[in-house]
Amino acid sequence: MNARLGAKTTAGVTVVEIDLKANECQQFLLRSDAHHDSTSADQAMEERHLKEAVARDALICDIGDLFDCMNGRYDKRADREHLRPEYQHGPYMNRLVDVAYERYRPYADRWLLMSPGNHETAVAKHNDFDLTQQLYSRLKPHAPLLNLGKYQGFLRIHCTRVNRTVRCGSATIAYHHGFGGSAPVTRGVIQTNRMAISYPDADIVWSGHTHTEFYLSIARLRLIQDAIKRDEQIHIRSPGYKEDTSHGSGWAVEKGFMPQSLGAWWLKVWIECEGRNYIVRHSLEAAK
């Protein structure tokens, strides 16, 4: 783990400061919609990505629906047949947190951001129990970089060199767990036009929720210090780890949902020197 790291969250903005040497990069695992407690969750793929995050020395960011939590007392979709054995005994909400803590504890030291999705906010509304807050509180003593985010917010990555004495620039991510339906035709891409207007200062706009996946670049002309500059704002959607249409039966099949994508994104951030100036660069790779 890079010892030259620091992170904090203020008013919905999580700021992480990374001191990078020449030819060095920092990677991030950008994930959402794990639904890890669901019988339809691909826990093997999720575990593989978490272990790969360790191998890559990557920081982990999760923007919601880490829990599926659909077997609560007030959930009309509750079905005991779709309940994993580890949740069959004891208070259901407490067991969700206990099992999640054991699952994610080995990776807590590299967890940077944890925010709620619509599944967690629904539980908080109907059960007065905040799963994200509870898991955050359990993991925080083992996770010095962990920050509790909101349903939408910003992640700003400041890059420095030479023990933080030279500030080189930053990369800004606007995140929103997501909204709307599954969008079987557009895959949610149509929302990027609204989000580009809502987040004009972001280099990357990241959302989840619909269990679809896309990477889209929107080119822009900007006036910076009386000069016209061209840049690109990248829009990504992370699909998550739940696929509940392949069983041939169940709520998703009856609703006619399309087969769902699986996975997350790897973000790589590094510094390049152009003349006397340092430029922060980034790239994205699908995690499959």
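Scroll up for the structure.
These remarks concern the structure in this document.

Of the regular secondary structure elements, the chain holds six helices and 13 strands. Its C-alpha atoms give the chain a radius of gyration of 19 Å, near enough to 19 Å, the size a compact globule of 288 residues would have. Based on the C-alpha atoms only, the size of the chain along its principal axes is roughly 65 × 45 × 30 Å. Taking the contacts inside the chain whose residues are at least 6 apart along the sequence as the reference set, 69% of them involve residues at least 24 apart. Of the roughly 14,000 Å² of accessible surface on the chain, 50% is carried by carbon and sulfur atoms. In the chain, which carries 37 positive and 35 negative side-chain charges, the distance between the mean positions of the two groups comes to 4 Å.

This paragraph deals with the side chain of His-36. By the element assignment, His-36 lies in the loop between strand 3 (25–31) and helix 1 (43–56). Given a relative accessible area of 1%, His-36 falls into the buried group. Beyond its immediate stretch of four places on either side in the chain, His-36 contacts Ala-41, Gln-43, Glu-46, Leu-66, Phe-67, Arg-84, Tyr-87, Ala-100, Arg-103 and Tyr-104.

We now examine the packing of helix 2 (residues 92–104) against helix 4 (residues 131–139). Packed helices, taken two at a time, are described by the angle their axes make and the gap between the axes. Where helix 2 contacts helix 4, the axes come no closer than 10 Å and their chain directions differ by 45°. One way to sum up the angle between helix 2 and helix 4 is to call them oblique. Relative to helix 4, helix 2 is oriented so that their crossing is right-handed. Between helix 2 and helix 4, the contacting residues are Met-93, Leu-96, Val-97, Asp-98, Ala-100, Tyr-101 and Tyr-104 on the first element and Leu-131, Gln-134, Leu-135, Arg-138 and Leu-139 on the second. Here the residues of the contact of helix 2 with helix 4 are counted per class, giving nine nonpolar, one polar and two charged.

Okay, the packing of aromatic side chains next. Summed over the entire model, instances satisfying the criterion amount to four aromatic pairs. Both rings, one in Tyr-87 and one in Tyr-92, keep their centres 6.5 Å apart while their planes meet at 75°; by these two values the pair is edge-to-face. Across this residue pair, the class does not change: Tyr-87 and Tyr-92 are buried. Note on Tyr-104 and Trp-111: the rings are 5.3 Å apart at their centroids and 75° apart in plane angle, and the pair reads as edge-to-face. By relative accessible area, Tyr-104 is classed as buried at 0%. Judged by relative accessible area, which is 0%, Trp-111 ranks as buried. When the ring centre of Trp-266 is taken as reference, the NZ or CZ atom of Arg-56 above it lies at 4.2 Å. Positioned above the aromatic ring of Tyr-101, the side-chain terminus of Arg-138 is 4.4 Å from the ring centre.

This part is about the nonpolar core. When a protein is soluble and globular, its nonpolar side chains tend to lie buried together. Counting residues in each nonpolar core, the largest one holds 37 residues, and the members touching the most others are Phe-67, Leu-96, Tyr-104, Trp-111, Leu-131, Leu-135 and Leu-139. At the level of secondary structure, the elements contributing two or more residues to this core comprise helix 1, helix 2, strand 5 (111–114), helix 4 and strand 12 (264–274). At eight residues, helix 2 tops the list of elements feeding residues into this core. Once residues lying within four places of it in the same chain are set aside, the contact partners of Leu-131 are Phe-67, Cys-69, Met-93, Leu-96, Val-97, Glu-120 and Val-123. Counting 29 residues, the second largest nonpolar core, distinct from the first, contains Leu-30, Leu-155, Tyr-175 and Trp-206.

A cluster of nonpolar side chains, namely Leu-221, Leu-223 and Ile-228, defines an oily patch on the protein surface of about 400 Å² accessible area. The exposure class of Ile-228 is exposed, given its relative accessible area of 66%.

Scanning the entire structure with this criterion turns up 17 salt bridges. Between Arg-220 and Asp-231 there is a salt bridge, with its nearest N and O atoms 3.1 Å apart. Pair noted here: Arg-220 is in strand 10 (residues 214–224) and Asp-231 is in strand 11 (residues 227–237), with a separation of 11 residues, a long-range link. Accessibility classification places Arg-220 together with Asp-231 in one group, the buried group. Here Asp-244 ties to Lys-242 by a salt bridge, and the two come within 3.8 Å at their closest N and O atoms. Taken individually, Asp-244 and Lys-242 each receive the classification buried, so the pair is uniform in this respect. Within the structure, one salt-bridge network assembled from shared partners comprises Arg-31, Glu-46, Glu-47, Asp-62 and Arg-103.

About the cut-offs
Numbering of residues begins from 1 in every chain and follows the order in which that chain's sequence is written. Reporting in this predicted model follows two pLDDT cut-offs: at least 70 for local features of residues, and 80 or more for side-chain atom pairs to be given and counted; totals over whole chains, interfaces and linings ignore these cut-offs and use all residues. Only hydrogens and water are removed before side-chain values are computed, so all heavy atoms of the structure are retained for them. Helix numbering and strand numbering both begin at the N terminus, where a helix is a DSSP run of H or I of at least 4 residues and a strand a DSSP run of E of at least 2. With C-alpha atoms as the basis for the radius of gyration, the globule rule is written as 2.2 Å multiplied by the number of residues raised to the power 0.38. Note on contacts: a residue pair qualifies if any of its non-hydrogen atoms lie within 4.5 Å across the two residues. To be clear on the numbers: accessible area is Shrake-Rupley with a 1.4 Å probe, and residue cover counts the displayed protein chains and nothing else. We count Lys and Arg on the positive side and Asp and Glu on the negative side, and we leave His and both chain ends out. To locate a charge, take NZ of a lysine, CZ of an arginine, CG of an aspartate or CD of a glutamate. A simple rule labels every residue: compare its accessible area, found with a 1.4 Å probe on the protein chains alone, to the largest value its type can have, and call it buried under 20%, exposed over 50%, or partly exposed in between. As a rule, the C-alpha atoms of each element are fitted with a line to give its axis, helices using only the stretch in contact, and angles between N-to-C directions run from 0 to 180 degrees. Note on terminology: angles under 35 degrees are roughly parallel, angles over 145 are roughly antiparallel, angles of 65 to 115 are roughly perpendicular, and the others are oblique. Crossing handedness is read from the near helix: turned anticlockwise from the far helix by less than a right angle, it gives a left-handed crossing, and turned clockwise, a right-handed one. Under the grouping applied here, Gly and all other residues not named as nonpolar or charged are polar, the nonpolar ones being Ala, Val, Leu, Ile, Met, Phe, Trp, Tyr, Cys and Pro and the charged ones Asp, Glu, Lys and Arg. Stacked, edge-to-face and tilted labels apply to pairs of Phe, Tyr and Trp rings (six-membered ring for Trp) whose centres lie within 6.5 Å, assigned for plane angles under 30 degrees, over 60, and everything in between, in that order. Geometrically, a lysine NZ or arginine CZ counts as sitting over a ring once it is within 6 Å of the ring centre and also within 35 degrees of the ring normal. Each nonpolar core is a collection of buried residues, namely Ala, Val, Leu, Ile, Met, Phe, Trp, Tyr and Cys, held together in the definition by side-chain atoms within 4.5 Å. A patch consists of residues whose relative accessible area exceeds 30% and which take part in no salt bridge; residues with like charges are grouped when within 9 Å of each other, and nonpolar side chains (Val, Leu, Ile, Met, Phe, Trp, Tyr) when within 5 Å. Salt bridge, as used here, is a side-chain nitrogen of Lys or Arg placed within 4 Å of a carboxyl oxygen of Asp or Glu.

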